[in-house]
Structure formats: structure tokens, C-alpha cells
Amino acid sequence: MTRSGATVGNVYIDGQWTSARVTWRDGLVSTIEPFGKPSGGLFLIPGFVDLHCHGGGGADAMEAGEAAHQIARTHAAHGTAGFLVTTMTAPLPEVEDALLAVAQTMEQQGDDEAEILGVHLEGPFISPDQLGAQPPYAIPATIELMERLCALAPIRVVTLAPEADADGEVAAWLRTKGVRVQIGHTSVNFETAADWIRHRVDGVTHMFNAMGGFHHRKSGCIGAALAFADHAELISDLHHADTGALLAALRAIPGLYAVTDGTAASGMPDGEYRLGQHAVFRKNDTVRLASGGLAGSCLTMDQAFHNLISVGIPLEEAAKRTSTIAADYLGANKYGRLSVGSPASFVGVDERGLTSEVTSRGIILRA
């Protein structure tokens, strides 16, 4: 496979769309040559960055082994340039096995795989009263335990409920290590959530989900996030949050970014799959437990991008919300922009936000 090539399309440069020729060599963008007004047709945007992904292509991150390779290949084919493998709440030996497998996979990735940027540890340090689709193995957090887990793989994001870290010591320790801490899977009230969002954490995990309901006299974590959060994830499948909720969060939270919360069902047909210890069922465009509750998603980032366009978000903002903001938040600055010297991982879309081309580290995966 060659890692050099060229394509022509509209590129967002200095605040406007401009027709340009983009060339790449050895997997890196070498030139971007503007030559006129936008011509319609193909718009080139940076490869997507997904900071919350449990699986894809039939593979679940908690299976360990070769699962992370399959997840990375599946999401690369849908335009993801880099992502965080996301764990589930489980007995600690299973979490440790998954972390070790991710670390091993990161050492030997192929060019047709989205780059694994590390791990998002979602659980087991969450509230047992807000498990969502997480299995019932929530435990309190300690610095000693977190040190042990961080030694196994590069943990970049941790979802942490205040109920699991009452004095906030673990959150503070993680932040000194450069780990992004996010409030999530919590039942705390507005006042507690506001304190954590303003002073103890960096962001919010899957906005609106597994954090209690919102009422104008009991606004809880959702109200605190809308009032104070600088960054938050949103699963933009239009099922975990409807159009109104999505637009409200976009208006309130400057650093809101899309995630898939993808599962083994992402990129796969309808059927039964695994999500940690749960059997889950893909039907149409949702993934659910046997009880009917949502259990992650079958979303891929190209569909997430299209969904943003479908509710009226401009192409350039949708690109920020699916790539640039997440890359900057994580400190993965080589991603998030289509620029000379960046990895040749980019996506060609039309005006409706539908993907027609995917290039991953110089390899054309879809043309």
C-alpha cells in the first residue's frame, strides 16, 4: 500500500472554504495549494477524533486480545483518525486485562487503523445508582488503585462520579498526572455537580445520559453542566439526546464535542453483540439491553458528523465538534486540523455531510 497521493476539494482556510489541491507523502500532508473559490462537491475535513468508543466491527474492548485492532480498523474506515478505547465497569482483573491488551495493540498498529490515543476509563469508579448500561461492579476510587491501573496502559480520560471520590483526592491526583477527569454516571445534586465542574474536573461524560433527569426546580448535573461546563461529550446519534437537547448543549457548552459511545455493533448489521458482560441487541440504528434500555450505540463518526449537519450545524463547525475540539482537549494536536505536516488522515464529505472519501495516515480506505 502506498502512503503518498493527492486529491482536490474544498478546504477551510482562514475562515472560508477554498478549492485546493492536497498532497501527502509518507503518510503526512506535504502541501495544500489553494487555487480558487469553492466549487461545490467535495469538502475535505480533518479525520475524526472519538474520545469514547467501546467497540466496533463485532469486537468489544473488554474482550482484550486482538479486539482493539478490529475496533481501530472498523472506525478508520468510517473516517476516525484517532480514538480512545473505552472500558466498561467490570471486576478489576477484567479491566486490567483490557488495559494490557490496549497497551500491546498501541505498539503495533497498522496504517489502516485509527490511531489508539490511549484509554478512556469509564468505570468502575461510578455511582451504583447511575449505572446506565454498565454492569453492577461500581467501586470507590483510591489513588493506590488508580496508580495500579495507570501503570498498565496510557489512561488519558477517566469518568469519575463524586460518589466514588467523596473528598476529590483521586480527581486531583489524576489531574496532576495530566489525565482528563470527567464527571459522569452520577446522581449528585446541582450544587455538588457545579462544584466539581467548576473546580475538580475537566469535562462531562456523555451529556444528559446517566446523570439523572433535568427539572427546572431540580436541575442536577445536567443543569450544572449547562451552566458551567467548558467541555462535554455528546453522543450525537439523535437517540441519546434529541435535536433540542443537542442544540441547547451546543449553545451552552463551548467545548462540546461528539463521541460515538460505539459498541461491537458499530459498523455491523442488526443482531446480538457484547458490551462488557452484557448481551446487547442492534436493531435499526440503536443498541439496547434485553430490557430495552439504550446500551451504547452503533454510531460511527461519519454518521455523527452527518447528524450534526442534518440539524443545521455548518460544515466547518461540525468538523470542529467531531475533530478539532476533542483533539485539542486531549492534547493530540497533530489531529484536528488539515494542515501541512499533519497526518494524512482526512475525510471527504458532500454538502449534506455524507462521507465519500476516507484517507487514513496516507492510505485511501474509501474513494
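Let me begin by describing the structure that accompanies this report. This structure is a prediction, so every number in the text was calculated from the model and none was measured.

1. Details of the packing of aromatic side chains
Inference 1: Evaluation of the coordinates by the stated rule reveals 6 aromatic pairs.
Inference 2: Between the aromatic rings of Phe190 and Phe228, the centroid separation amounts to 6.3 Å while the plane-to-plane angle is 40 degrees, which identifies the pairing as tilted. Of this pair, Phe190 sits in helix H5 (residues 190–199) while Phe228 sits in helix H6 (residues 220–228), and the two are 38 residues apart along the sequence.
Inference 3: Among the residues examined, Phe190 registers a relative accessible area of 27% and is labelled partly exposed.
Inference 4: Ring pairing ties together the aromatic residues Tyr12, Trp17 and Phe43, which thus form one cluster.
Inference 5: Over the aromatic face of Phe228 sits the side chain of Arg198, whose NZ or CZ is 4.9 Å from the ring centroid.

2. Some details on unusual backbone geometry
Inference 1: Note that the residue after Gly123, namely Pro124, is joined by a cis bond; omega there is 15 degrees.
Inference 2: The residue Pro124 is located in the loop between strand E9 (115–122) and helix H3 (143–150) in this model.
Inference 3: Positive phi, close to 50 degrees, is recorded for Asp261, a residue that is not glycine.
Inference 4: Checked against the element boundaries, Asp261 lands in the loop between strand E14 (255–259) and strand E15 (271–275).

3. Things to note about the sheet that holds strand E16 (residues 278–283)
Inference 1: Spatially, the 3 strands line up as an open sheet ordered E15-E16-E17, and their pairing is antiparallel. Pairing within the sheet leaves two strands with one partner each, and these edge strands are E15 and strand E17 (286–289). This sheet shows a mean twist of 40 degrees between the axes of neighbouring strands, independent of strand direction.
Inference 2: Taken together, the 4 bridges between E16 and E17 define a ladder with antiparallel strand orientation. Each bridged residue has a counterpart across the sheet, and for Lys283 the counterpart in E17 is Thr286.

4. Considerations on the sheet that holds strand E18 (residues 346–349)
Inference 1: Reading across from one edge, E3-E2-E1-E4-E18-E19-E20 is the order of the 7 strands in this open sheet, with mixed pairing throughout. Because the sheet does not close on itself, it has two edges, and the strands there are strand E3 (28–36) and strand E20 (363–366). Adjacent strand axes in the sheet meet at a mean angle of 35 degrees when their direction is disregarded.
Inference 2: Across 3 bridges, strand E19 (residues 355–360) lies against E20 in antiparallel orientation. Directly across from Val358, in E20, lies its bridge partner Arg366.

5. Some thoughts on the pattern of salt bridges
Inference 1: Applying the stated criterion across every chain yields a total of 12 salt bridges.
Inference 2: A salt bridge links Asp202 to Arg175; the shortest N-O distance between them is 3.1 Å. Of this pair, Asp202 sits in the loop between H5 and strand E12 (203–204) while Arg175 sits in helix H4 (residues 169–176); the two residues are 27 residues apart in sequence, bridging distant segments of the chain.
Inference 3: By relative accessible area, Asp202 is classed as buried at 15%.
Inference 4: According to the relative accessible area criterion, Arg175 is partly exposed, its value standing at 33%.

6. Quick look at the packing of H3 against H4
Inference 1: Put simply, H3 and H4 touch, their axes get as near as 10 Å, and they point 35 degrees apart. The crossing of H3 and H4 is right-handed. Residues Ile143, Met146, Glu147 and Cys150 of H3 form the contact with H4, whose participating residues are Glu169, Val170, Trp173 and Leu174.
Inference 2: Looking at the contact of H3 with H4, its residues break down into 6 nonpolar, no polar and 2 charged.

Conventions used here
Residues numbered from 1 in each chain as written. Predicted model: local features only at pLDDT ≥ 70, side-chain atom pairs only at ≥ 80, totals over all residues. Heavy atoms only, no water. Phe/Tyr/Trp six-rings, centres within 6.5 Å; stacked < 30°, edge-to-face > 60°. Helix = DSSP H or I, 4+ residues; strand = E, 2+ residues; numbered from the N terminus. Buried < 20%, exposed > 50% of the residue type's maximum accessible area, 1.4 Å probe, protein only. Lys NZ or Arg CZ within 6 Å of the ring centre and 35° of its normal. Pairing = 2+ DSSP bridges. Axes fitted to C-alpha atoms, helices over the stretch in contact; angles between N-to-C directions. Salt bridge = Lys/Arg side-chain N within 4 Å of Asp/Glu carboxyl O. Left-handed = near helix turned anticlockwise from the far one by under 90°. Contact = heavy atoms within 4.5 Å. Nonpolar A, V, L, I, M, F, W, Y, C, P; charged D, E, K, R; others polar.

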